[in-house]
Amino acid sequence: MKRPKHLSARQAAAALGVSKAYVCRLFSRGIIPAEKVDTDWIVAEKDIRKYQDDKRGAPLYYRDTTDWSNEDFYLMYRWLDKMVNDRKNRFDDELTSIDPTRLSFEAGAMLKATGAYKRFPNLGCLEDHPPITPPIVVSTYPCPGAFPAFEEMGIIL
């Protein structure tokens, strides 16, 4: 009988492309079943694959953000910023296919702050997107005043 393969929190984070702290939070909240052994977590590889498959269903910007932490919003900010500011335009097809009516409120605010609505006609309606109130802090070390377009949208980087 073949034993299931287990991963450490660091290995699971690498497989998911997220930080170890974020994956540990997923474990402690029970979002991904895992077992704490001494000071580290152990998770079955099949549970990481299942989580990946579940998350592939909806892009980050369409997901429900009700229970998101600042780190979750930061992850979304980094992804959207990477897509919009990619110098090789590798994400233009994805940006052109975004349905603004399905965006989370915060994703709409972030896309407006990046200026994506100016380049992509499908996102033109974001020009009138209201700011997030109260503002959200999405950085571990916020720099007020450094990113005025984001601050106008209620996003403190």
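Here's what I pulled together on the structure shown here. Because the structure is predicted, anything quoted here is derived from the model rather than measured.

**Section: the overall build of the protein**
No. 1: A count of helical and extended segments in the protein gives 8 helices and 5 strands.
No. 2: Based on the C-alpha atoms only, the size of the protein along its principal axes is roughly 60 × 35 × 30 Å.
No. 3: A total of 157 residues make up the protein; the buried ones form 40% of that total.
No. 4: When contacts within the protein are restricted to residue pairs at least 6 apart in sequence, long-range pairs at least 24 apart make up 52% of them.
No. 5: The positive charge centre, built from 23 side chains, and the negative charge centre, built from 22, are 7 Å apart in the protein.

**A closer look at the pattern of salt bridges**
Note that side chains of opposite charge can pair when their charged atoms are close.
No. 1: The final tally for this structure, using the stated rule, is 4 salt bridges.
No. 2: Between D86 and R90 there is a salt bridge whose closest N-O contact spans 2.5 Å.
No. 3: According to the relative accessible area criterion, D86 is buried, its value standing at 10%.
No. 4: We classify R90 as exposed; its relative accessible area is 57%.
No. 5: Across the pair D92 and R119 runs a salt bridge whose closest N-O atoms are separated by 3.3 Å. Placement of D92 in helix α5 (residues 92-97) and of R119 in helix α7 (residues 116-119) is noted, with a sequence separation of 27 residues between them.

**Here's the deal with the sheet that holds strand β2 (residues 35-37)**
No. 1: In space, the 3 strands of this open sheet follow the order β1-β3-β2, with antiparallel pairing throughout. Two strands bound the open sheet, and with one partner strand each, they are β1 (6-8) and β2. The sheet shows a mean angle of 35° between the axes of neighbouring strands, taken without regard to direction.

**Details of the nonpolar core**
No. 1: Ranked by internal contacts, the top residues of the largest apolar core, which has 31 residues, are Y61, M76, I98, M110, L111 and I155.
No. 2: Put simply, the parts of the chain that give this core at least two residues each are α4 (70-84), α6 (105-114) and α7.
No. 3: If one sorts the elements of this core by residue count, α4 sits on top with 6 residues.
No. 4: Dropping the residues within four chain positions of it, I98 is found in contact with Y61, Y62, M83, L103, L111, N122 and L123.
No. 5: One finds A9, L16, I48 and Y51 within the second-largest nonpolar core, a separate group that totals 15 residues.

**Considering the environment of R29**
No. 1: Its location among the elements puts R29 in the loop between α2 (20-28) and β2.
No. 2: Residue R29 is classed as partly exposed on the basis of its relative accessible area, which comes to 46%.
No. 3: When sequence neighbours within four positions are dropped, the list of residues in contact with R29 reads D67, S69 and D72.

What counts as what
Residues numbered from 1 in each chain as written. Predicted model: local features only at pLDDT ≥ 70, side-chain atom pairs only at ≥ 80, totals over all residues. Heavy atoms only, no water. Helix = DSSP H or I, 4+ residues; strand = E, 2+ residues; numbered from the N terminus. Buried < 20%, exposed > 50% of the residue type's maximum accessible area, 1.4 Å probe, protein only. Contact = heavy atoms within 4.5 Å. Lys, Arg positive; Asp, Glu negative; His and termini not counted. Charge placed at Lys NZ, Arg CZ, Asp CG, Glu CD. Salt bridge = Lys/Arg side-chain N within 4 Å of Asp/Glu carboxyl O. Pairing = 2+ DSSP bridges. Axes fitted to C-alpha atoms, helices over the stretch in contact; angles between N-to-C directions. Core = buried A, V, L, I, M, F, W, Y, C linked by side-chain atoms within 4.5 Å.

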